[in-house]
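Secondary and tertiary structure notes
Below are the chains, spelled out letter by letter.
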Amino acid sequence: MKKIFVFGFLFFSVAATAQNDAADDSVATPLITAVGKPLGRKTEIKINKDGGSLKSSDGMAELIFPAGAVSKKTDVSIQPITNLMTNGNGMAYRFEPSGIRFQKPVQVIFHYDEEEIKDSMQLLLGIAMQDTKGQWLSLNKFDLDTVVKTISGSINHFSDWSSFSELRIDPGYARVKRNKTKGLEITNVSASPAGPGDDDILTPLRSKKIRGRAIWHANEILKGNSVVGTVSASARTIARYKAPAQVPVNNPVAVTATLLGFVYKTRINGQVITFEDLKLVSNILVYDDAYEVTMITEIQDPTGTCLGGTTYRDTGSFVVSLNGREARVIEKVNKNISASLNYSGGRCWNYRILKTG
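Predicted, not measured: the structure shown is a model, and the values here were computed from it. (Residues numbered from 1 in each chain as written. Predicted model: local features only at pLDDT ≥ 70, side-chain atom pairs only at ≥ 80, totals over all residues. Heavy atoms only, no water.)

**Quick word on the overall build of the protein**
Counting secondary structure elements, the protein contains zero helices and 30 strands. The buried share among the 357 residues of the protein stands at 45%. Taking the contacts inside the protein whose residues are at least 6 apart along the sequence as the reference set, 68% of them involve residues at least 24 apart. Carbon and sulfur atoms make up 51% of the accessible area of the protein, which totals about 18,100 Å². (Helix = DSSP H or I, 4+ residues; strand = E, 2+ residues; numbered from the N terminus. Buried < 20%, exposed > 50% of the residue type's maximum accessible area, 1.4 Å probe, protein only. Contact = heavy atoms within 4.5 Å. Areas by Shrake-Rupley, 256 points an atom, 1.4 Å probe, with all protein chains shown as cover.)

Following this line, the structure appears as structure tokens:
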């Protein structure tokens, strides 16, 4: 059972900019990583002066082109890629053609999963792009809607883009075999102070050290115990989780870190809101002998008469944990990652199953 922490605030759509007062700028380093590799199906569309919209194949990223964004017909695409950004959320996305400049800003929308980004952590989200040197830059202005679970902003050119969390436990999710250990670290990325000549749309990101110290719990038990696993801190923001000898009933185990002395400020609707003693969460799935079962179904209309030539794709998976004689399904994932289906009328019998497994 996944742990869900309820935070006592309800926000609708907010315009947000953020600043972090708790990190030491003297030890901040530029956030530069390798470039991600394609992983998943590319979606494409041809837009003209009337504009249009395009979603990624997994439905988690979206582009909306206003009328007048381009002056002639242009092929644009979204390619999911591996996300190598520190604190990056989910997949990153390559918007192409890379480097294209738009005559009017294009809206980029990232959807996020409430199971992965809990409650107050929603207010620590941002949007970033990676330049040709591998440097990540933060979008200065964005809209956060905690009801429909989206973060969006306006961009004027294409590159590799990702949503990210300023603060998190790395990893935010992991699988650990019983009696084994997993290292955990609180990581922080924040925008650099603006300098002369800096872009007013994008600001370089830096990786920073955290002031204060963390208090660790496992399933709300201070330092955990032999039933849920134990957490031992080796530094202010670094710890190790040791899984218990038996798979716990409440699984994944919610390992939390409460940051004492940490102050985070964000501006919402013109008002500065300050958060103190933030709680971060990492979900650790404990398993014994485990088997992951993945199911993939694809349906394609080869003639284009029914679905407009679009492929429908649905995936699902679950993990079976064998603990002695007991077998339990401990992790279930179901994702419909089809593109938009365009029904054109007529008889819809010209389809075939591409792959099931």
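**So, the nonpolar core**
In terms of nonpolar packing, the biggest core is built from 58 residues, with I186 and W216 touching the most fellow members. Core analysis: the next-biggest nonpolar cluster, separate from the first, contains seven residues, L31, M85, A128 and W136 among them. (Core = buried A, V, L, I, M, F, W, Y, C linked by side-chain atoms within 4.5 Å.)

**Re the environment of A233**
Tracing the backbone through its elements, the reader meets A233 in strand β21 (residues 229-233). Placed 18 residues apart in sequence, A233 and I215 show a C-alpha to C-alpha distance of 8.6 Å. Non-local contacts of A233, meaning those with residues more than four positions away in its chain, are made with W216, I238 and A239.

**Things to note about the sheet that holds strand β19 (residues 221-222)**
Strands in a sheet are paired, the pairing made by backbone hydrogen bonds, and the direction either parallel or antiparallel. Across the sheet, which stays open at both edges, the five strands sit in the order β15-β26-β23-β18-β19 with mixed pairing between neighbours. Each having just a single partner strand, β15 (173-177) and β19 make up the two edges of the open sheet. Pairing of strand β18 (residues 213-218) with strand β23 (residues 253-260) involves six bridges; the strand directions are antiparallel. From the neighbouring strand, W216 faces β23, where its bridge partner is A257. (Pairing = 2+ DSSP bridges.)

**As for the confidence of the model for the protein**
Keep in mind that low pLDDT regions are not for reading the predicted coordinates in detail. Overall, the prediction assigns the protein a mean pLDDT of 78, with 66% of residues at 70 or greater. With pLDDT under 50 throughout, residues 18-26 is counted as low confidence; its partners more than four residues away or in other chains account for 28 contacts. Taken together, the stretch residues 336-357 has pLDDT below 50 and engages in 53 contacts with residues farther than four places along the chain or on a different chain. (pLDDT = per-residue confidence, 0-100.)

**Considerations on the packing of aromatic side chains**
Evaluated as defined, the whole model comprises five aromatic pairs. Here Y93 and F110 contribute two aromatic rings whose centre-to-centre distance is 6.1 Å and whose plane-to-plane angle is 45 degrees, an arrangement assigned as tilted. With Y93 in strand β7 (residues 92-96) and F110 in strand β8 (residues 101-111), the pair connects residues that are 17 residues apart, well separated along the chain. By relative accessible area, F110 is classed as buried at 2%. Ring geometry for F95 versus F158: centroids 5.6 Å apart, planes at 55 degrees, classification tilted. A residue pair is termed long-range when its members are at least 10 positions apart, and F95 in strand β7 and F158 in the loop between β12 (150-157) and β13 (160-165) qualify at 63 residues. For F95, a relative accessible area of 0% corresponds to the buried category. Ring-pair connections join several aromatic residues into one group, and the members of that group are F65, F95, F102 and F158. (Phe/Tyr/Trp six-rings, centres within 6.5 Å; stacked < 30°, edge-to-face > 60°.)

**Notes on the side chain of N83**
Here N83 lies in the loop between β6 (74-81) and β7. The exposure class of N83 is buried, given its relative accessible area of 19%. A polar side-chain atom of N83 sits 3.2 Å from the main-chain amide nitrogen of M85. Apart from the residues lying within four places of it in its own chain, the contact partners of N83 are G88, N89, G90, M91, A92, S162 and S163. (Polar contact = N/O pair within 3.5 Å; in protein donor to acceptor, adjacent residues only side chain to side chain.)

**Section: the pairing of β23**
Among the eight residues of β23, seven are classified as buried, and the element is accordingly described as predominantly covered. Direction of pairing for β23 relative to strand β26 (residues 279-287): antiparallel, over a ladder of six bridges. Bridge pairing in β26 links A257 to L280.

**Examining the side chain of E62**
Inspection of the secondary structure puts E62 in strand β5 (residues 61-65). As a buried residue without a salt bridge, E62 has its nearest oppositely charged side chain in K55, at a separation of 4.6 Å. Beyond its immediate stretch of four places on either side in the chain, E62 contacts L54, K55, Q107, V108, I109 and H111. (Lys, Arg positive; Asp, Glu negative; His and termini not counted. Salt bridge = Lys/Arg side-chain N within 4 Å of Asp/Glu carboxyl O.)

**Focus on the pattern of salt bridges**
Think of it this way: side chains of opposite charge can pair up when their charged atoms draw near. Within this structure, the stated rule accounts for four salt bridges. The partner of D75 in a salt bridge is K46, with the nearest N and O atoms 2.8 Å apart. Linking D75 in strand β6 with K46 in strand β3 (residues 43-47), this pair joins segments that are 29 residues apart in sequence. The partner of D160 in a salt bridge is R94, and the shortest N-O contact between them spans 2.8 Å. Taken as a pair, D160 in strand β13 and R94 in strand β7 lie far apart in primary sequence, 66 residues in all.

**Some details on unusual backbone geometry**
With an omega of 10 degrees, the peptide bond between E96 and P97 qualifies as cis. In this model, N251 is joined to P252 through a cis peptide bond whose omega is 10 degrees. Among the structural elements, P252 can be located in the loop between β22 (238-242) and β23. The residue N219 is not glycine, and still its phi comes out positive at about 50 degrees. Within the secondary structure, N219 sits in the loop between β18 and β19.

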